[in-house]
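Analysis of the macromolecular model
Take a look at the letters that make up each chain.
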Amino acid sequence: MAAAARLCAVLLLAGALPGCATSGGNPTDPLEPFNRAIFSFNDTVDGAVIKPVAQGYRAVVPGPIRTGVSNFFSNLGDVWICVNNLLQAKFLDAFQDFGRVVFNSTLGIGGLFDVASDAGFQKHNEDFGQTLGKWGVGSGPYLVLPFLGPSTVRDGMAFLVDTQADLVWRYHNVPVRNTAVAIRYVGIRAELLDATSILEQAALDKYSFVRDAWLQRRRNLIYDGDPPREKDESDEDSR
């Protein structure tokens, strides 16, 4: 609940900032000065703490065990993914999500093995922010959240719902829950080590690169890989 309260405070602060925002930048990022400051903070924390822990995790824990841990958390996540597909009226996808949970929870020994993918049940990626986007709720300004990274005002608010529906976060034993959350996110960070190394070498402006790539990926996820063409200046001039 404390994390949710902090997130609410950040979102409320973001809503009060547009009057102070600079103009002439990316129209999706009117809060760029604020976002760059949070991005720099996150990058510093990642370099000092999270990345070294993830590197140690990958160096010490054997690959098959890391895969099993990732599969376990992915299986738990499929439950909420199924609900979001139902909310978006994607019933075939929801059926596949349900099948994944059944197959992986039983034949996959509690989700440690992803037997559902081998059986033809496709893995999906859905959350409540995508559901709101599917319902026509606008994304609002791009927003970088402390510790959590890229988001938008819509997705930041939706994250509060995602957290409440997260089976790991809802576990009643707090020490076990916190340990599980830490292991899950360290595992995710470990999987991204190679990608971040490439990013650090290739990007002239790391902030802009991450923002643009994240927004494009998010748009593709909401429209299931087939987003409508965005209007540009040439469209306006032709009228």
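Quick look at the overall build of the protein chain
When helices and strands are tallied, the protein chain shows 11 helices and two strands. Reading the helices (α) and strands (β) of the protein chain from amino to carboxyl end gives α-α-α-α-α-α-β-β-α-α-α-α-α. By residue count, 36% of the 239 residues in the protein chain fall in the buried class. At a minimum sequence separation of 6, the contacts of the protein chain that also span at least 24 residues come to 64%. With an accessible surface of roughly 13,900 Å², the protein chain has 65% of that area assigned to carbon and sulfur atoms.

A look at the side chain of D29
Structurally, D29 can be placed in the loop between α1 (2-16) and α2 (32-60). Classification of D29 as buried rests on a relative accessible area of 3%. Within polar-contact distance, the side chain of D29 engages the side chain of N35 at 2.8 Å. With residues up to four places along the chain from it excluded, the contact list for D29 reads N35, Y142, Y207 and R211.

Focus on unusual backbone geometry
With phi around 55 degrees, I109 is a residue other than glycine that occupies positive phi space. Here I109 shows up in the loop between α4 (91-106) and α5 (115-118). Classification of I109 as exposed rests on a relative accessible area of 52%.

A closer look at the pattern of salt bridges
In the structure shown here, the tally under the stated rule is 20 salt bridges. When the shortest N-O distance is used, the salt bridge between D166 and R184 registers 2.6 Å. On the criterion of sequence distance, the pair formed by D166 in the loop between α7 (153-165) and α8 (174-191) and R184 in helix α8 is long-range, its members being 18 residues apart. The exposure class of D166 is buried, given its relative accessible area of 15%. Salt bridges here are not isolated pairs; linked through shared partners, they connect D29, E32, R36, D205, R211 and D212.

Some remarks on the packing of helix α3 (residues 63-87) against α8
Two numbers describe how α3 lies on α8: the axes approach to 10 Å, and their chain directions differ by 115 degrees. The handedness of the crossing between α3 and α8 comes out as left-handed. Across from V69, S70 and F73 in α3, the residues of α8 making contact are A180, I183, R184 and E191. Looking at the contact of α3 with α8, its residues break down into four nonpolar, one polar and two charged.

Concerning the packing of α3 against α4
Running from N to C, α3 and α4 point in directions that differ by 160 degrees, and their axes come no closer than 8 Å. Here α3 is positioned roughly antiparallel relative to α4, judged by the angle of their axes. Our pair here, α3 against α4, has a crossing hand that is left-handed. Contacts from N75, D78, V79, I81, C82, N85 and L86 in α3 reach F91, D93, A94, D97, F98, R100, V101, N104 and S105 in α4.

Examining helix α10 (residues 206-222)
Its 17 residues place the ends of α10 24 Å apart at the C-alpha level, agreeing with the 24 Å of an ideal helix rising 1.5 Å per residue. All of the buried residues along α10 are Y207, S208, V210, R211, W214, R218, L221 and I222. Packed against the buried residues of α10 are α2, α6 (128-134), β1 (142-145), β2 (149-152), α7 and α9 (193-202). Among the residues trailing α10, D224 stands out with phi positive, at a value near 55 degrees.

A few points about the pairing of β2
One ladder, built from four bridges, connects β1 with β2; its direction is antiparallel. Its bridge partner lying in β2, V144 is registered against P150. Hairpin connection between β1 and β2: a loop of three residues separates the two successive antiparallel strands, and F147 in this loop has a positive phi of roughly 70 degrees.

Conventions used here
- Numbering of residues begins from 1 in every chain and follows the order in which that chain's sequence is written.
- Local features are withheld for residues below a pLDDT of 70 in this predicted model, meaning they are given only at 70 or higher, and side-chain atom pairs are given and counted only at 80 or more; totals for whole chains, interfaces and linings count all residues.
- No hydrogens and no water enter the side-chain calculation; it runs on all heavy atoms of the structure.
- In DSSP terms, a helix is any run of H or I states spanning at least four residues, a strand is any run of E spanning at least two, and both are numbered starting from the N terminus.
- Under the scheme applied here, a residue whose accessible area is under 20% of the maximum for its type counts as buried, over 50% as exposed, and between as partly exposed, the area being computed with a 1.4 Å probe on protein chains only.
- By definition, residues are in contact when any of their heavy atoms lie within 4.5 Å.
- Note on areas: Shrake-Rupley, 1.4 Å probe, and residue coverage restricted to the protein chains presented here.
- Residues adjacent in sequence count toward polar contacts only when both atoms are side-chain atoms; beyond that, a polar contact is any pair of N or O atoms within 3.5 Å, and within protein one must be able to donate a hydrogen and the other to accept it.
- Between Lys or Arg on one side and Asp or Glu on the other, a salt bridge is scored when a side-chain nitrogen of the former is within 4 Å of a carboxyl oxygen of the latter.
- Angles run from 0 to 180 degrees between N-to-C directions of axes, and those axes are lines fitted to C-alpha atoms, restricted for helices to the stretch in contact.
- By definition, turning the near helix anticlockwise from the far helix through less than a right angle yields a left-handed crossing, and turning it clockwise yields a right-handed one.
- Think of it as three bins: nonpolar holds Ala, Val, Leu, Ile, Met, Phe, Trp, Tyr, Cys and Pro, charged holds Asp, Glu, Lys and Arg, and polar takes everything else, Gly as well.
- Angle categories: roughly parallel below 35 degrees, roughly antiparallel above 145, roughly perpendicular from 65 to 115, and oblique for all the rest.
- Multiplying 1.5 Å by the residue count of a helix minus one yields the expected span of that helix.
- Any two strands with at least two DSSP-identified bridges between them are counted as paired.

That is the geometry; function is a separate question.
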